[in-house]
Amino acid sequence: MATPLTGLHQQHAQLLLAPAIVAGGSSRGGYVRHSALKSPILVFLFFHKALRCELERLHMEALAIEKESGGDIRTLLERYHFLRVMYKHHSNAEDEVIFPALDSRVKNVARTYSLEHKGESDLFDQVFELLNSALKDNHNGSLKLRRELVCCTEAIQTSLCQHMSKEAEQVFPLLIQQFSFEEQAALVWQFMCSIPVNLMEEFLPWLTSYLSSDERQDMIKCMRKIVPEEKLLQQVVFTWLKEKSLLVDVEEVSRDESKTMSSISEGMLSSEVTATENQIGQCSSVRECCKIKCKKSHSVTNNHVDKNADGLGKFPIDEILHWHNAIRKELKELAEEAHKIQLSGDFSNLSSFNGRLELLAEICIFHSVAEDKIIFPAVDQKVKRGMSFAYEHAKEESQFDDLRQLIESIQNAGASSSTSEFHEKLCARADQILETIEQHFLSEEHEVIPLAREHCSVTEQRVLLYQSLRVMPLKSLERVLPWIVGMLQEEEAKNMLQNIRLAAPASDMALVTLFSGWACKGRPQNMSRSGRFQCISSNCSNDCHVKRISEMGLGTNENCGICCIVSDNRGDHSTEISERPLKRPHYGRTEREDDISDQSTLEDATCLSVTSHARQPCCVPGLGVTSNNLGVGTISSGRNLRALSFNSPVTPSLSSSLFGFGTDIGSYDMGQAPKPIDHIFQFHKAIRKDLEYLDVESAKLTDCDETFLRHFCGRFRLLWGLYRAHSNAEDEIVFPALEAKESLHNVSHSYTIDHKQEEQLFDDISCVLSELSQLHDDLTGNDNLSNVGGKETCLHRYQPGDWIQKHQDLAAKLQRMCKSIRVALDQHVFREELELWPLFDSHFTVEEQDKIVGRIIGTTGAEVLQSMLPWVTSVLTQEEQNTMMDTWRQATKNTMFDEWLSAWWKESPSSQETLSLEEQPQPPSGQTIHECFEKGTQKFKPGWKDIFRMNQNELESAIRKVSSDASLDPRQKAYLIQNLMTSRWIAAQQKLPQSGAGHSGDEDILGHCPSYRDPDQKDFGCEHYKRNCKLRAACCDQLFTCRFCHDKVSDHSMDRRATTEMMCMKCLQIQPVASSCITPTCEGFSMAKYFCNICKFFDDEREIYHCPFCNLCRVGKGLGIDFFHCMTCNACMSKTLAVHRCREKGLESNCPICHDFLFTSSAPVKALPCGHFMHSACFQAYTCSHYTCPICSKSLGDMAVYFGMLDALLSAEELPEEYRGRTQDILCNDCEKKGVAPFHWLYHKCSSCGSYNTRVI
């Protein structure tokens, strides 16, 4: 046994961590409420709570379906679809708004969470696949299918809850730290404006339904600070929240709206409108008013508007043609501009071209989504023809992506982009998009629109068009409505807006007003009032409805900040909209002041005035949200909307613009030459294999026996232990190496959180397995009792059927947990391979990767390696095994790893190249080495007896003689030296048949008696070790307690690894070396607490571990616990010496003081700052009189105090007159620089570093 390097303890700086926002706990609700009022970004925690509650409810319903105690598959499918829509758009808005904003200030955080969103989408797909399969079967599907469904619901619940907890722990604190209160409020507002309008109406009520009354009120207060103060925007949002106390009194507005409808229908609706007004006046609640108003307005439309449709266009569905024509026009202009660029060869205006392309792509995507989700299903329900244009829509999106990527490649190419190839591709792809969309539009106009005219009423057509607009988020509508109106004639634009107003329910009055105001921005300016738009949404009395809403407490027109633009000939105002500055609430107000302000707002809101003006200029609040400050456009919103439709299963790919921000990580080329770090990630293959085993085999636990359960537990605990070692290596070595690169800060934090969450999952499964094992043990114990008359005890403990029911419940729970952990770890290792693995190839050299691999292996103990190597290599091909082992050998080239591997793992790949000891050639029986060798060799002929009598020094001298003999060729030298080095082992092997012939002579063996470490206490052992056995030395066939006892009385050293037999000091029986006695009378008497079969080492007192790289047993808890092995120094060092000066094989030398070999020394060893080593005891004695290294003469520590004393001494000392001006050339031993110092007969100070550790040259 040897002692590992301890060294000096280094002080570590404490990390100041921001307090984590923990999901869960009894006090969480209050914390979230108060925190959300101070940090608006924490309003997302309300969504997290609602999502957790919904996931739990769905999982419980799935459990009820499994047990056939309730629940319905169809209902569960509908609720999961709703949840997926809500969560998908929440995730999409995060990817569009929150994560790009965070990435602009804190790099390398957001990408991981976007990748998780993709994985969660795949989980939803699996759940829907199972739900649809169960729906096709009778009785909610088979038991196996229902059980698999429950497993998937728990897996998705676990995955989403872990994701939300990570966001609360990492993302939200960073947002709070990096963004001010107002910036956080703006981010949340942008987030809300990025979710489609039709989903916001469902999302907010669903969210608040899971909140307590106090939480609901706090959320409302927080929303008041998030939504801009413009009354129209406030009314839109709080209408979605269905908050009665905050809705504007709509009585007067509804009455005016009724007048508008009456005027449009030429007086034919007066009686119905009057009845509606009377009912509204009698209502006590705003919500009832809205419901009655909506019902009557639709009734009026159904009865009369069809008769007068000519005033608004005979078929409202023909407005789709307006969209088609506008898109055609824009596409033609883009194609013409592309050809102009080709002719001019000038790419300077490419950014403007790209901006128009982005807007058009967004319009086309949302238009196709509206058709797929709203219009086509409605028409198909009437005609039953199964129409779908999902393929055409996907093709168009792909072509837009190709063109956008081409433009990006041109911009990235810079000066070299003005090539004919780029010109041709740009024009070709623009023409291709134009041709594809033209064919698509013609098909729709001939196949779909005629059917819609024929089978849908005018009212239904209007509703379809209105609902089609609502699939867009507000920030898209703010850009799209001016664009489409700018493409229309004034009468067409008026008809479109009137159709919107007639189709919308009364509760959408504020929203329709907002739409109308934005649409007005697409018309030319009102030249009579500079900078204002002509209102095209007013009725025949020219009363601007937007103007009326703006008078609901917004102040005068001058303070209103009316939007203005400079129009062009095309009427495309999408990129020129100038947003007026939005007013936000005062963030420093108290809650009492907020209440007073709310009351005044309600009072102001009830004071509505109607003013008519000729061509009243339209004023409307802008959202204050543009795609420029979001980092990613809204195109991904349309993609995800289509992905959620039943007609098209398209999901966003990892190559989409959704992942276009953050660290620039390309796809990793798996075909390139393997790198050292690759073999660390090959552990993932073994992890996946065992995860699959747990998932599949856990289904068999319901009807398993004890043997299967024991085997399952063993596989689980093996996976747990090895995955923990793998995770610790990543957390302590791999991730810090990544974070050390300046461009990779924060890239690994989320994976560290994953490890903590996965450790908890393993621990939960372990608890259930222990409970299941205990249940089996109880049954086994009960059976034994029943055989001896203990049956009554069994009946008292388990009633008939109770044991079976409990066993089935635990087995089912374990199956669900195994599915969850498989999903969690699968997603984790997939993201690591996708995001982190390529970073090593781009940021680390092969040498740096070798060092990382060496550090990882150096913290892995022998026991872990013995389990890990067969586990990993079992899933690798022979070529992969050889490559991996070659990498490990390269990383451990300075160590004894190959020696340990050969001794432990005989079937390792190294056995093909290096012969083990058993395979080395041995001389025939009765012959000596020189007799087996060539007859011409006469220089060195020692016999076995000569070699046997040699001590270590004589043996080394003989080897040196052979090495220096010039008459021997290299092959002969190698053979002789090899046999000399293994001579003792060979001699011991030849003596084995004689010693094993019988035990009659055991009593005559020297030392065949017990020895005591403490004779008074009768503790077996010797002065060196406490142990209960003696070793039989192979060299002299005598019994000694340890090798030191042998060497003390012998003229040679004992090779403990050649030892094959031991004697139990309790029964005095000689037997093969083992951890316990095999004699029946000893009943498994342990030889020591610690036993190493490689070193044949026993110890009953200290904590010992075997280092596979030193191939020695050393004092300590183990590698990775309190020690690590430095592959360069080839030494076990304290973890406090993680940063030290390496010297190759520095420990394989003698102590410079006592000249004892340090590598195998049992005394503690000290690491010096210069990289040399000596015994700790020698260091203490040496430093009493010296302060420099005896080898390199560098200072052994910080000598500033001593050098300061020398400065004071020299300043007080006066030299003789003849020496005062003289100087001497010196060389500093510390900084190794030459210099000049004043003359002195003893002390010379270095002018570079101030050290007195110098010498005169």
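Look up a bit, the structure's there.
Notes on the structure follow. Because the structure is predicted, anything quoted here is derived from the model rather than measured.

Some thoughts on the overall build of the protein chain
Working step 1: A tally of helices and strands in the protein chain yields 43 helices and 20 strands.
Working step 2: The burial tally for the protein chain puts 54% of its 1257 residues in the buried class.
Working step 3: Taking the contacts inside the protein chain whose residues are at least 6 apart along the sequence as the reference set, 70% of them involve residues at least 24 apart.
Working step 4: By element, 50% of the accessible surface of the protein chain is carried by carbon and sulfur atoms, the whole surface being about 55800 Å².

Remarks on the sheet that holds strand β19 (residues 1234–1238)
Working step 1: On the basis of which strands lie adjacent, the open sheet formed by 3 strands has the order β19-β18-β20 and antiparallel pairing. Across the chains shown, the open sheet's two edge strands, defined by having one partner strand only, are β19 and β20 (1254–1256). The sheet shows a mean angle of 45° between the axes of neighbouring strands, direction not considered.

Thoughts on the environment of Lys851
Working step 1: Position of Lys851 among the secondary structure elements: in helix α32 (residues 846–858).
Working step 2: Considered as a pair, Lys851 and Ile677 are 174 residues apart in the sequence and their alpha carbons are 9.7 Å apart.

Quick notes on the packing of aromatic side chains
Working step 1: A complete count under the given rule lists 34 aromatic pairs for this structure.
Working step 2: Centroid distance Phe1203 to Tyr1252: 5.7 Å. Interplanar angle 50°. Geometry classified as tilted. Within this pair, whereas Phe1203 is found in helix α43 (residues 1200–1212), its partner Tyr1252 is found in the loop between β19 and β20, the two being separated by 49 residues in sequence. Each member of the pair Phe1203 and Tyr1252 is classed as buried.
Working step 3: Each residue in the set Phe47, Phe82, Phe203, Trp206 and Tyr210 is aromatic and connected to the rest through ring pairs, giving one cluster.
Working step 4: A cation over a ring is seen here: Lys166 above Tyr113, with NZ or CZ 5.3 Å from the ring centre.
Working step 5: We note Lys1066 situated over the ring of Phe1085; from NZ or CZ to the ring centre the distance is 4.9 Å.

Some points on a nonpolar patch on the surface
Working step 1: A cluster of nonpolar side chains, contributed by Val1201, Tyr1202 and Met1205, occupies part of the molecular surface with about 320 Å² of accessible area.
Working step 2: Within the secondary structure layout, Val1201 lies in helix α43.

A look at the packing of helix α7 (residues 197–208) against helix α9 (residues 231–241)
Working step 1: At their nearest, the axes of α7 and α9 sit 7 Å apart, and the two run at 55° to each other. With respect to each other, α7 and α9 are oriented oblique. Between α7 and α9, the residues in contact are Val197, Met200, Glu201, Leu204, Pro205 and Thr208 and Val237, Trp240 and Leu241, respectively.
Working step 2: By residue class, the composition of the contact of α7 with α9 is 7 nonpolar, 1 polar and 1 charged.

Concerning the environment of Tyr1090
Working step 1: Relative to the helices and strands, Tyr1090 resides in strand β10 (residues 1090–1092).
Working step 2: A C-alpha to C-alpha distance of 9.4 Å links Tyr1090 and Arg1027, two positions 63 residues apart in sequence.
Working step 3: Excluding anything up to four places from it in sequence, Tyr1090 contacts Phe1097, Phe1098, Asp1099, Ile1104, Tyr1105, His1106 and Cys1113.
Working step 4: A polar contact of 3.4 Å, which involves the side chain of Tyr1090, links it to the backbone nitrogen of His1106.

So, the pairing of strand β8 (residues 1061–1064)
Working step 1: Of the two faces of β8, the one carrying Glu1061 and Met1063 and the one carrying Met1062 and Cys1064 are both buried.
Working step 2: Where strand β6 (residues 1029–1032) and β8 come together, 4 bridges link them in antiparallel fashion. For Lys1030, the partnering residue across the bridge sits in β8 and is Met1063.
Working step 3: Where β8 lies against strand β9 (residues 1070–1072), 3 bridges are found, and the strand directions are antiparallel. Looking across to β9, one finds that Met1063 is bridged to Ile1070.
Working step 4: Where β8 hands over to β9, the hairpin turn is made up of 5 residues, of which Leu1068 adopts a positive phi near 60°.

Brief notes about the pattern of salt bridges
Working step 1: One pass over the full model with this rule turns up 47 salt bridges.
Working step 2: The closest approach of N and O atoms between Glu61 and Arg79, which form a salt bridge, is 2.6 Å. With a gap of 18 residues between them, Glu61 in helix α2 (residues 44–66) and Arg79 in helix α3 (residues 73–103) connect regions that are remote in the sequence.
Working step 3: Judged by relative accessible area, which is 13%, Glu61 ranks as buried.
Working step 4: Residue Lys685 pairs with Glu880 through a salt bridge whose shortest N-O separation is 3.4 Å. In this pair, Lys685 sits in helix α27 (residues 683–697) while Glu880 sits in helix α34 (residues 878–891), placing the two residues 195 residues apart along the sequence.
Working step 5: Residue class for Lys685 comes out partly exposed when judged on its relative accessible area of 35%.
Working step 6: The class for Glu880 is partly exposed, based on a relative accessible area of 22%.
Working step 7: If you follow the salt bridges from partner to partner, you end up with Glu148, Arg688, Asp695, Lys819, Arg822, Asp826 and Glu833 in one network.

Observations regarding the environment of Phe1098
Working step 1: For Phe1098, the location among the structural elements is in strand β11 (residues 1097–1099).
Working step 2: A residue is classified by how much of its surface remains accessible, and Phe1098, at 0% relative accessible area, is buried.
Working step 3: Spatially, the C-alpha atoms of Phe1098 and Ala1088 are 5.6 Å apart, while their sequence positions differ by 10 residues.
Working step 4: In this view, Phe1098 contacts Tyr1025, Arg1027, Cys1029, Leu1031, Met1062, Val1073, Ala1074, Met1087, Ala1088, Tyr1090 and Phe1091; residues no more than four positions away in its chain are not counted.

With respect to the side chain of Thr895
Working step 1: Looking at the element boundaries, Thr895 is found in the loop between α34 and α35 (897–904).
Working step 2: A relative accessible area of 11% means that Thr895 is categorised as buried.
Working step 3: A distance of 2.7 Å separates the side chain of Thr895 from the backbone oxygen of Thr892, its partner in a polar contact.
Working step 4: Polar side-chain contacts of Thr895 include one of 3.2 Å to the backbone nitrogen of Phe897.
Working step 5: If we ignore the near neighbours within four places in the chain, the residues touching Thr895 are Phe1109, His1125, Met1127 and Asn1130.

Section: the pairing of strand β13 (residues 1112–1115)
Working step 1: The pairing of strand β12 (residues 1104–1107) with β13 spans 4 bridges and is antiparallel. Paired with Cys1107 across the strands is Leu1112, a residue of β13.
Working step 2: Between the end of β12 and the start of β13, which pair antiparallel, lie 4 residues, with Asn1111 showing a positive phi angle near 55°.

Quick word on the sheet that holds β8
Working step 1: Strand order in the open sheet made by the 4 strands is β7-β6-β8-β9, with antiparallel pairing throughout. Two strands lie at the open edges of the sheet, namely β7 (1039–1040) and β9, each paired on one side alone.

Examining the state of the cysteines
Working step 1: Scanning the entire structure with this criterion turns up 0 disulfides.
Working step 2: The structure places no disulfide on Cys1035, whose sulfur is separated from the nearest cysteine sulfur, that of Cys1036, by 3.9 Å.
Working step 3: On the accessibility criterion, Cys1035 (7% relative accessible area) is buried.

Some points on the packing of helix α8 (residues 213–226) against α9
Working step 1: Interaxial distance between α8 and α9 falls to 11 Å at its minimum, and their mutual angle equals 160°. Taken as axis vectors, α8 and α9 run roughly antiparallel relative to one another. For the element pair α8 and α9, the recorded crossing hand is right-handed. Contacts from Arg216, Met219, Ile220, Met223 and Arg224 of α8 reach α9 at Gln234, Val237, Phe238 and Leu241.
Working step 2: Residue classes in the contact of α8 with α9 are distributed as 6 nonpolar, 1 polar and 2 charged.

Here we look at α2
Working step 1: For α2, with 23 residues, the first-to-last C-alpha span of 33 Å sits near the 33 Å given by 1.5 Å per residue.
Working step 2: Within α2, 18 of the 23 residues are buried, which leaves the element mostly enclosed by the surrounding structure.
Working step 3: Residue Glu68 follows α2 closely and has a positive phi angle near 55°.

Remarks on unusual backbone geometry
Working step 1: With a phi close to 55°, Glu1083 is a non-glycine residue in the positive phi region.
Working step 2: Tracing the chain through its elements places Glu1083 in the loop between β9 and β10.
Working step 3: One non-glycine residue, Asn1130, lies in the positive phi region at around 55°.
Working step 4: Take Asn1130: it is sitting in the loop between β14 (1123–1126) and β15 (1131–1134).

Cut-offs used in this document
Residues numbered from 1 in each chain as written. Predicted model: local features only at pLDDT ≥ 70, side-chain atom pairs only at ≥ 80, totals over all residues. Heavy atoms only, no water. Helix = DSSP H or I, 4+ residues; strand = E, 2+ residues; numbered from the N terminus. Buried < 20%, exposed > 50% of the residue type's maximum accessible area, 1.4 Å probe, protein only. Contact = heavy atoms within 4.5 Å. Areas by Shrake-Rupley, 256 points an atom, 1.4 Å probe, with all protein chains shown as cover. Pairing = 2+ DSSP bridges. Axes fitted to C-alpha atoms, helices over the stretch in contact; angles between N-to-C directions. Phe/Tyr/Trp six-rings, centres within 6.5 Å; stacked < 30°, edge-to-face > 60°. Lys NZ or Arg CZ within 6 Å of the ring centre and 35° of its normal. Patch = residues over 30% accessible without salt bridge, like charges linked within 9 Å, V, L, I, M, F, W, Y side chains within 5 Å. Salt bridge = Lys/Arg side-chain N within 4 Å of Asp/Glu carboxyl O. Parallel < 35°, antiparallel > 145°, perpendicular 65-115°, else oblique. Nonpolar A, V, L, I, M, F, W, Y, C, P; charged D, E, K, R; others polar. Polar contact = N/O pair within 3.5 Å; in protein donor to acceptor, adjacent residues only side chain to side chain. Disulfide = S-S within 2.5 Å. Left-handed = near helix turned anticlockwise from the far one by under 90°. Expected span 1.5 Å × (residues − 1).

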